[in-house]
Amino acid sequence: MIIDDAHYDVIIVGTGAGGGTLARKLAPTGKKILILERGDVMPLEEQNRSNVDIFKKELYHAPEQWFDIAGEPFAPQTKYAVGGNTKIYGAALLRMRERDFEMVTHHEGVSPEWCVKYADFEPYYTEAENLYQVHGAVGADPTEPPHSADYPYPAVGHDPQIEEVIGAIAAQSLHPASLPMALTHQTDDPTNDSEVSGINPALQHPNVTLKTSATVTSLHTNPSGREVKAVEAEIGGQPYLFLGDIIVLACGAINTAAVLLRSCSEACSQGLANSSGLVGRNLMKHRLSSVVQLSKPNSGKFQRSVYVNDFYWGEEGFDYPMGHIYNTGGLLQDIIFAESPPVLSVLAKMMPGFGLQQMATRSIGWWVQSEDLPSADNRVRVDSKKLYVEYTPNNTEPHERLVYRWTEVLKTAEKGMDKSLLQMSGRHPSGEMPLSVVANACGTCRFGEDPATSVLNPDCRAHDVDNLYIVDGSFFPSISATSPALTIMANALRVGDRLIERLK
């Protein structure tokens, strides 16, 4: 084993929404920072999704196998690259709602209260929106939480075909709102990500070092297990040890849990930071279904631009949260759409003789997203070198109700629209995403006040380990129905302030 001859003030493992944002925050401190990334820089031709065939699903899958609850292998849709999953995300950056931070009763259970509230996150949401150049507008959504400042850039304009759909939805006393999007002003691929806004600016500081193709395998502690002394990583088939004072994991909720579970020692026989037995438990990943309208030909490459939250907390006759709806943007650049074989097979039957690209350019897609609830049985588990993701969907009825309700909204909308726009009124194929779609995974190292019921304290430091922090989606005690990326970024900035105080 090779021991790196440097000693670092901070070692950050992972460069996605959490790790990349934290690196940007800490870089100006002048402290010696090492960033370890399992992947490499993503080729430009893969980053511009409008120029690749997104239906070649293996392009955006990790080159490894995980295993489901039945022991069946699958290839996870996750990206090992500088920028992590933000290199393939949809760039929609929404805040959780105020009530999401409280205990909420659902149809099939309860989402627990957070130990930190919306008011604590609000300034960091604003900071993250500025950092990632979010384009949006406040006011149309009745569930929108209070903002201390407007979005830094105006909202994305709607594609002409979407504009008419939005009008027909609003005519039903619903409130379509502009989707907050992280965008740059580049013309070839405008999506903003944690490489662009996190890692690259951090590397402008001479105190920051990035090592790529470095797969972290375990953490080594002192004899008591109370302090991490070194990070072990494999680079080019050779094991290395990196020494640091503060260690931050940001590998994603599944891989972070796996690193901890594999970091066993005499002092930590069940894995590091796992005296509660909760490392890897309470995995959440959303209930996510696609609903597709057929339309007249379009580019298939337009931006996501609209969402609807009128059913977020339920509806008349159903007093339980249902979820969040947003348009996919052009299907030719929506990676997750390619993961929905039921939709594709139905589309193929409806449009015989058309290829996938032709079908995509004659479609308008919507994502219907509902909260799944934390369950100790939904978990990440390691067995030797195998990684298991044991997940059974829950909170089913609200999600199915939302898919049905949205389909009815579209049917009603089509009756009052230009019939040249939607050629096949009333036909809306849908399908739910498989286990392999793990980009929104959260919850495997939840934070809280009580070490018996949480892995991390409110500052996202491990209860059991004095110098170990986690800033990816692992810390979520509940996931809400909104995409977690902005909350992960905001939390990284929040934890960054705590680390800056500690580094002084």
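How each quantity is defined
Residues numbered from 1 in each chain as written. Predicted model: local features only at pLDDT ≥ 70, side-chain atom pairs only at ≥ 80, totals over all residues. Heavy atoms only, no water. pLDDT = per-residue confidence, 0-100. Helix = DSSP H or I, 4+ residues; strand = E, 2+ residues; numbered from the N terminus. Contact = heavy atoms within 4.5 Å. Pairing = 2+ DSSP bridges. Buried < 20%, exposed > 50% of the residue type's maximum accessible area, 1.4 Å probe, protein only. UniProt positions renumbered as here; feature names shortened; annotations may be inferred. Salt bridge = Lys/Arg side-chain N within 4 Å of Asp/Glu carboxyl O.

Peer 1: Run through the confidence of the model for the chain, naming residues and quoting values.
Peer 2: In the predicted model, the chain carries a mean pLDDT of 93, and the fraction of residues at 70 or more is 96%. Confidence, read as mean pLDDT per element, is least for helix H7 (residues 341–350) in the chain (80) and greatest for strand E21 (residues 468–470) (99). Under a pLDDT of 50 for its full length, residues 420–426 has, in the predicted model, 21 contacts with residues more than four places off or in other chains.

Peer 1: Tell me about the pairing of strand E18 (residues 379–383), and please be specific about residues and values.
Peer 2: Strand direction decides the pairing type here: E18 and strand E19 (residues 386–390), joined by 5 bridges, are antiparallel. Among the inter-strand pairings, Val-380 is bridged to a residue of E19, identified as Val-389. Here E18 folds back onto E19 in antiparallel fashion, the turn holding 2 residues, of which Ser-384 has a positive phi close to 60°.

Peer 1: Describe the environment of Ala-6, listing the residues and the values that go with them.
Peer 2: Residue placement: Ala-6 occurs in strand E1 (residues 2–13). Residue classification places Ala-6 among the buried positions, given a relative accessible area of 13%. Measuring from C-alpha to C-alpha, the distance between Ala-6 and Leu-34 comes to 9.7 Å, with 28 residues separating the pair along the chain. Leaving out residues up to four positions away in the same chain, Ala-6 has contacts with Lys-32 and Leu-243.

Peer 1: Requested: an account of the UniProt feature "domain: Glucose-methanol-choline oxidoreductase C-terminal" (unreviewed entry) in the chain, with residues and values cited.
Peer 2: As recorded in UniProt, the sites labelled "domain: Glucose-methanol-choline oxidoreductase C-terminal" (unreviewed entry) are residues 437–492. The span residues 437–492 is 14% helix and 5% strand, and its two end C-alpha atoms sit 23 Å from each other.

Peer 1: Which residues make up the pattern of salt bridges, and what values go with them?
Peer 2: Summed over the entire model, instances satisfying the criterion amount to 23 salt bridges. In this structure, the salt-bridge partner of Arg-381 is Glu-390, at a minimum N-O distance of 2.9 Å. We classify Arg-381 as partly exposed; its relative accessible area is 24%. Classification of Glu-390 as buried rests on a relative accessible area of 12%. A salt bridge links Lys-411 to Glu-408; the shortest N-O distance between them is 3.4 Å. Residue Lys-411 and its partner Glu-408 are both found in helix H9 (residues 396–415); the two are separated by 3 residues, about one turn of the helix. According to the relative accessible area criterion, Lys-411 is partly exposed, its value standing at 29%. What emerges from the salt-bridge pattern is a single network uniting Glu-315, Glu-397, Arg-401 and Arg-405.

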